[in-house]
Amino acid sequence: MEALEKLMPKLMDEDITVIIKPQLNPNKKKHILVMHDESVFYANDGKKTYWGPKDHAPLNKKGNGLSLHISDFLTEIDSHLKFEDEETCVIMKPGNNLEKAIPIFEQKYPDSIGVFAFDNATSHAAYAPNALIAHHMNLNPGGKKKFKDGFKSDGEIQSMHLSDGRPKGIKLVLEERGLWKKGLKRICSECKIHLPTKNDCCAVRILSLQLDFAAQKPLIQEIIEDRGHKVIFYPKFHCGLNFIEQFWGAAKQFMRNNCDYTFKGLEKMVPDALNSVPLIQIRKYARRSWRFMDAYKKGLKGIEALYAVKKYKSHRRIPNNVINV
Ligand SMILES: [Zn+2]
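Note that this is a predicted model, so its numbers are computed, not measured.

> Mind showing me how you'd approach unusual backbone geometry here?
A negative phi holds for most residues other than glycine; trans holds for most peptide bonds. Located in the positive-phi region is Ser79, a residue other than glycine, with phi close to 75°. Counting through the fold element by element, Ser79 comes out in strand S5 (residues 79–80). With relative accessibility at 10%, the residue Ser79 sits in the buried group.

Set out below in structure tokens:
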């Protein structure tokens, strides 16, 4: 991340309305950090009692009522990602706005590389349906799944399907690579729980260690990298790294003050709420996240990190001597 950070525009510590351009070598492109996150907006968020038409059953079984699941992307440079009238935020079918976000990013920041930051949630580690995942393959020919082509150690392309279209299965794929051993099980008990200790315990393990299978990336990484951008997954259990979390908080406050607490009102108001958060506020959130990142890098944890981040409020970094606080 440090190497990428040097390529990114930064906010000036003393005045966050000022952006400092990165010093770029002629062969380097500017990078821009794009934070992704999802959040749920509730129609009656903040209201203790539900009100609505008499013949409607109360909708707030869990205390929150109807909700919209929103996914959005945020930069510290220009607020949430949009270009002219096109906004990136979408009401979710989970994970579907990346295809929308990348073209908007490219229009807004031509000649820049996006560094798209996601949390480590399982949905983000999902693979394309035809990904080379040994766990998804049968031992023998047959099955409904389709797989993309792989390659052998000499670089020769290898189809995962027979001429009749059925998947070859792990055994035949390994045979064609000269790696099949008699009596090999499809999968052993260790690999079933994804905790292998040996490299040749079963057929799934042997195939998954092959270069083409080992290099298989999650779908969002494939989509982003295919377009020439980058992806980072920030670590679990490190609070404060994603500044979009505070952005959600501010947008929800706007909803509480302005929403009429109906589902229609909710749908109409969410985009206004996202646009209501001033850029200067977002930059303060971002600066706080950079401080958290710096604190974790300097080895501070939990309360210590929080203390340092609060104490050095108007800075992007924590001074080096703070380690002894
Ligand atoms: Zn195994």
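> Before we go on, may I ask you to explain empty space enclosed by the protein in this structure?
The rolling of a water-molecule-sized probe over the atoms marks out the regions of remaining empty space. Summed over the entire model, instances satisfying the criterion amount to 1 cavity of 30 Å³ or more. Looking at the largest cavity, its volume works out to about 40 Å³. When the residues that make up the lining of the largest cavity are grouped by side-chain class, the tally is 5 nonpolar, 1 polar and 1 charged.

> For this particular structure, what's the right way to read the coordination of the zinc ion?
When a metal carries six donors in an octahedron, the ideal angles between them are 90 or 180 degrees, while four donors in a tetrahedron ideally lie at 109.5 degrees. Looking at the zinc ion, the protein donor atoms are Cys188 (SG), Cys191 (SG), Cys201 (SG) and Cys202 (SG), and they sit 2.3 Å from it. Angles of 103 to 120° at the metal separate the 4 donor atoms of the zinc ion, which places the site in the tetrahedral class. The sequence pattern describing where the donors of the zinc ion fall on their chain is C-x2-C-x9-C-C. Considered together, Cys188 and Cys191 belong to a single accessibility category, that of buried residues.

> Please explain the pattern of salt bridges as it appears in this structure.
Should the charged atoms of two oppositely charged side chains come close, the side chains can pair. Scanning the entire structure with this criterion turns up 13 salt bridges. Close ionic contact of Asp294 with Lys298 constitutes a salt bridge, the shortest N to O distance being 2.8 Å. Shared partners join several salt bridges into a network, and the residues in it are Glu5, Asp294, Lys297, Lys298, Arg316 and Arg317.

> How should the layout of surface pockets be read in this particular structure?
By volume, the largest pocket amounts to about 320 Å³. Taken together, 15 residues form the lining of the largest pocket, with Ile133, Ala134, His135, His194 and Ser208 sitting closest to its centre. Going through the elements one at a time, helix H5 (203–208) and helix H6 (211–214) are the ones with two or more residues in the lining of the largest pocket. Ranked by the residues each element gives to the lining of the largest pocket, the list is headed by H5, at 3 residues. Across the lining of the largest pocket, the residue classes break down as 9 nonpolar, 5 polar and 1 charged.

Reading guide: rules and limits
- Residues numbered from 1 in each chain as written.
- Predicted model: local features only at pLDDT ≥ 70, side-chain atom pairs only at ≥ 80, totals over all residues.
- Heavy atoms only, no water.
- Helix = DSSP H or I, 4+ residues; strand = E, 2+ residues; numbered from the N terminus.
- Buried < 20%, exposed > 50% of the residue type's maximum accessible area, 1.4 Å probe, protein only.
- 1 Å grid on protein atoms, 1.4 Å probe; cavity = no way out; pocket = protein on both sides within 12 Å on 5 of 7 lines; lining within 4 Å.
- Points joined across faces, edges and corners; volume = space filled by probe spheres on them.
- Nonpolar A, V, L, I, M, F, W, Y, C, P; charged D, E, K, R; others polar.
- Donors = N, O, S within 2.8 Å, 3.2 Å for Na, K, Ca; no water.
- Tetrahedral: all angles 85-135°; square planar, octahedral: opposite > 155°, others 65-115°.
- Salt bridge = Lys/Arg side-chain N within 4 Å of Asp/Glu carboxyl O.

Function cannot be read off these values alone, since they describe shape.
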